[in-house]
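Summary of the model geometry
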Amino acid sequence: MGLFSIFNRIKEEDLENAKKESINFWNWFIDNESLIISNLSDQTTSTDMLNTIDNKLMKIFPKFKGNLHFGFDVSKHIFDMVHFDNRYLFKMMTILINEMPEEVGNRWEFNLIE
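Owing to the predicted nature of the structure, the values given are computational and were not obtained by experimental measurement.

1. Details of the pairing of strand E2 (residues 78–82)
Burial runs high along E2: four of the five residues are buried. One ladder, built from five bridges, connects strand E1 (residues 69–73) with E2; its direction is antiparallel. In the sheet register, phenylalanine 70 faces E2, and the bridge partner there is methionine 81. Taking the residues between adjacent antiparallel strands as the criterion, E1 and E2 are bridged by four residues, where histidine 77 takes a positive phi near 55 degrees.

2. Comments concerning the packing of helix H2 (residues 12–41) against helix H3 (residues 43–58)
The geometry of H2 relative to H3 is characterised by a closest axis approach of 8 Å and an angle of 160 degrees between their N-to-C directions. Accordingly, the angle class assigned to the pair H2 and H3 is roughly antiparallel. As H2 runs across H3, the sense of the crossing is left-handed. For the pair formed by H2 and H3, the contact residues are Phe25, Trp28, Leu35, Ile36, Ser38, Asn39, Leu40 and Ser41 on the first element and Gln43, Thr45, Ser46, Met49, Leu50, Thr52, Ile53, Lys56 and Leu57 on the second. Considering only residue class, the contact of H2 with H3 consists of nine nonpolar, seven polar and one charged.

3. Brief notes about the sheet that holds strand E3 (residues 109–113)
Within the open sheet, the three strands sit side by side as E1-E2-E3. Their pairing is mixed. Of all the strands in the sheet, the pair left with one neighbour each is E1 and E3. Within this sheet the neighbouring strands show an average axis-to-axis angle of 15 degrees, counted without direction. On the sheet, H3 packs against E1 and E2 and is oriented at approximately 130 degrees with respect to E1.

4. A short note on the packing of H2 against helix H4 (residues 87–98)
Two quantities define a packed helix pair, namely the angle between the helix axes and the distance between the axes. Contact geometry of H2 with H4 gives a least axis separation of 8 Å together with a crossing angle of 45 degrees. Classified by the angle their axes make, H2 and H4 are oblique. Crossing angle aside, the handedness with which H2 passes H4 is right-handed. Where H2 approaches H4, its residues Asp14, Leu15, Ala18, Lys19, Ser22, Phe25 and Trp26 are matched on the opposing element by Lys91, Met92, Ile95 and Leu96. Its residues assigned to classes, the contact of H2 with H4 comprises seven nonpolar, one polar and three charged.

5. Let's talk about the side chain of serine 22
Tracing the backbone through its elements, the reader meets serine 22 in helix H2. Those residues in contact with serine 22 that lie beyond four places of it in its chain are Ile60, Ile95, Leu96 and Glu99.

6. Topic: the pattern of salt bridges
One pass over the full model with this rule turns up three salt bridges. As a salt-bridge pair, lysine 20 and glutamate 21 come within 3.4 Å of each other at their nearest N and O atoms. By relative accessible area, lysine 20 is classed as partly exposed at 46%. Accessibility expressed as a relative area gives 13% for glutamate 21, which makes it buried.

The rules behind each value
Residues numbered from 1 in each chain as written. Predicted model: local features only at pLDDT ≥ 70, side-chain atom pairs only at ≥ 80, totals over all residues. Heavy atoms only, no water. Buried < 20%, exposed > 50% of the residue type's maximum accessible area, 1.4 Å probe, protein only. Helix = DSSP H or I, 4+ residues; strand = E, 2+ residues; numbered from the N terminus. Pairing = 2+ DSSP bridges. Axes fitted to C-alpha atoms, helices over the stretch in contact; angles between N-to-C directions. Parallel < 35°, antiparallel > 145°, perpendicular 65-115°, else oblique. Left-handed = near helix turned anticlockwise from the far one by under 90°. Contact = heavy atoms within 4.5 Å. Nonpolar A, V, L, I, M, F, W, Y, C, P; charged D, E, K, R; others polar. Salt bridge = Lys/Arg side-chain N within 4 Å of Asp/Glu carboxyl O.

Here you go:
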């Protein structure tokens, strides 16, 4: 099945929702960036913060029924997400990257990993 036909099956409303939720995620990320870094740097609070981030990200990928795989290296300001060559995840993660505000992109490296 070609790439075009797979993207064609993603409804326009799903793309619009991904864009809206991506904007919401980045606004939340900016507002909570110091708390995110602090909590992810501390093993006693990192699990709660990862769960919070996961819950926010899942709003971008509502049709994905698996577990999202992502990670941070907060000391280097790196945020990685794994799409496992899943075209739906890749497309939605691309929207997330495209909606990343420049101010976040200047401070963080965002990587999509197969």
